[in-house]
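Observations on chain architecture
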Amino acid sequence: QRMYDDCLYRFERELFSYVMDCDAVIIDVRYNGGGYIAEQLFEILGRRPSGMMQRRVGPKHVTPAKMYRGVKVCLTNQHSFSNAEMFAYGFRALGFGKLVGMPTNGGVIGTRNYELLDGTMFRIPLTGRYRLDGTNMENNPVEPDVYVEAPLGVVTAENDPQLRKAVEVALAELE
């Protein structure tokens with residue numbers, strides 16, 4: 001998983017195709033190496049009603065049509081890096097919902113790749129990211145609201161304690 005354009009398009013397509021009528025959504029940024037789409041995801045998740053529309057025949061509909069109004073929960077872990085960490089921090093700061101899992105890695109820095117004549121690539125840090133209180137996100141993991149460990153060798157497709165807890169949190173929010 002990464003935070004790139006193809007993932008943004010997939011997220012929006014799946015949210016509004018499969019999840020739109022669901023009461024809750026769990027967004028999983030575990031094992032995500034980062035990228036640059038967190039701000040666009042916030043715009044999608046933060047859409048609010050701006051009016052209503054009615055065709056000549058039929059009921060009134062809230063606009064915008066592409067707006068998710070259900071409960072939102074975000075899964076994080078120590079393998080969430082960079083833009084995935086920025087997403088987790090912003091998810092909570094914007095009041096979208098709770099974070100479940102383990103603290104993120106604390107590896108948030110904007111870099112740029114450079115290529116030498118022999119094809120060797122290297123990266124240089126160029127941009128820092130900070131929380132609203134001014135705290136540098138580099139070396140400062142995002143702490144979850146609900147801690148759930150997932151010990152190595154325990155998680156399988158049928159047994160994911162963090163996902164199970166995220167479902168519990170979402171169900172509790174629905175009550």
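For the structure itself, consult the block above.
Residues numbered from 1 in each chain as written. Predicted model: local features only at pLDDT ≥ 70, side-chain atom pairs only at ≥ 80, totals over all residues. Heavy atoms only, no water.

**Thoughts on the overall build of the protein chain**
Our working rule: Numbering of helices and strands starts at the N terminus; helices are DSSP runs of H or I of at least 4 residues and strands are runs of E of at least 2. Under the scheme applied here, a residue whose accessible area is under 20% of the maximum for its type counts as buried, over 50% as exposed, and between as partly exposed, the area being computed with a 1.4 Å probe on protein chains only. For this analysis, residues touch if any pair of their heavy atoms sits within 4.5 Å. In short, Shrake-Rupley with a 1.4 Å probe defines the accessible areas, and a residue's cover is counted only from the protein chains shown. For the purpose of charge, His is not counted, nor are the chain termini; Lys and Arg are scored as positive and Asp and Glu as negative. Think of each charge as sitting on NZ of Lys, CZ of Arg, CG of Asp or CD of Glu.
From N to C terminus, the protein chain includes 4 helices and 8 strands. Principal axes of the C-alpha set define a box for the protein chain whose edges measure 65 × 40 × 35 Å. Per-residue burial over the protein chain gives 34% buried out of 175 residues. A separation threshold of at least 6 residues defines the contact pool for the protein chain, and within that pool the share at least 24 residues apart is 70%. For the protein chain, the exposed area adds up to about 10800 Å²; of that, 52% sits on carbon and sulfur atoms. With 20 positive and 22 negative side-chain charges, the protein chain shows a spacing of 9 Å between the two charge centroids.

**Looking at the sheet that holds strand E1 (residues 24-28)**
Which entries qualify depends on this criterion: Criterion used throughout: strands pair if DSSP finds at least two bridges between them. Angular values range over 0 to 180 degrees, each being the angle between N-to-C directions of two axes fitted as lines to C-alpha atoms, with helices fitted over their stretch in contact.
With respect to topology, 4 strands assemble into an open sheet ordered E1-E4-E5-E8, the strand pairing being parallel. Of all the strands in the sheet, just E1 and strand E8 (146-147) have a single pairing partner and so form its edges. The sheet contact formed by strand E5 (residues 97-101) and E8 spans 2 bridges and is parallel. What sits directly across from Val100, in E8, is Val146. Lying over the sheet, helix H3 (residues 83-93) contacts E1, strand E4 (71-76) and E5, oriented at roughly 140° with respect to E5. Those strands touched by helix H4 (residues 161-174) are E1, E4, E5 and E8, and its axis lies near 160° from that of E4.

**As for the pattern of salt bridges**
Once the charged atoms of two side chains with opposite charge are near each other, the side chains can pair. Note the following rule: What makes a salt bridge here is a side-chain nitrogen of Lys or Arg within 4 Å of a carboxyl oxygen of Asp or Glu, nothing more.
Counted according to the given criterion, the structure contains 8 salt bridges. Salt-bridge contacts for Arg92 lead to Asp145; the nearest nitrogen and oxygen are separated by 3.0 Å. With Arg92 in helix H3 and Asp145 in the loop between strand E7 (121-127) and E8, the pair connects residues that are 53 residues apart, well separated along the chain. Overall, the relative accessible area of 29% leaves Arg92 in the partly exposed class. Residue Asp145 is classed as partly exposed on the basis of its relative accessible area of 38%. Each of Asp28, Arg30 and Asp160 takes part in one network of salt bridges that share partners.

**Quick look at the nonpolar core**
Our working definition: For this analysis, a nonpolar core means a set of buried residues of the types Ala, Val, Leu, Ile, Met, Phe, Trp, Tyr and Cys, connected via side-chain atoms within 4.5 Å.
One finds Phe11, Leu15, Ile27, Leu41, Leu45, Phe87 and Phe91 to be the most contacted residues of the largest nonpolar core, which totals 28 residues. Put simply, the parts of the chain that give this core at least two residues each are helix H1 (5-19), E1, helix H2 (38-45) and H3. Looking at this core, the element that brings in the most residues is H3, giving 6 residues. The contact partners of Leu41, leaving out residues within four places of it in the chain, are Met3, Leu8, Phe11 and Phe87. Judged by nonpolar contacts, the second largest core, of 9 residues, contains Leu75, Val100, Val146 and Val169.

**What about H3?**
Of all 11 residues in H3, 9 are buried, a share of seventy percent or more. Here the buried face of H3 lies against E1, H2, E4 and E5. Immediately beyond the C-terminal end of H3, within one or two residues, lies Gly95, with a positive phi of roughly 75°.

**Quick word on the environment of Pro49**
Mapping Pro49 onto the fold places it in the loop between H2 and strand E2 (51-54). For Pro49, a relative accessible area of 51% puts it in the exposed group. Along the sequence, Pro49 and Thr63 sit 14 residues apart, while their C-alpha atoms lie 5.6 Å from each other. Setting aside anything within four residues of it in sequence, one finds Pro49 in contact with Val62, Thr63, Pro64 and Met67.

**Thoughts on the packing of aromatic side chains**
The condition that has to hold: Stacked, tilted and edge-to-face are the three classes applied to pairs of Phe, Tyr and Trp rings, where Trp contributes its six-membered ring and a pair requires centres within 6.5 Å; stacked means planes under 30 degrees apart, edge-to-face means over 60, and tilted covers the rest.
Inspection of the entire model under this criterion finds 6 aromatic pairs. Ring centres 6.3 Å apart and planes at 40° place the aromatic pair Phe42 and Phe96 in the tilted group. Separated by 54 residues along the polypeptide, Phe42 in helix H2 and Phe96 in the loop between H3 and E5 bring together distant segments of the chain. Note on Phe91 and Phe96: the rings are 5.8 Å apart at their centroids and 65° apart in plane angle, and the pair reads as edge-to-face. Like Phe91, the residue Phe96 is buried in the burial classification. Three or more aromatic residues joined by ring pairs form one cluster here, namely Phe42, Phe87, Phe91 and Phe96.

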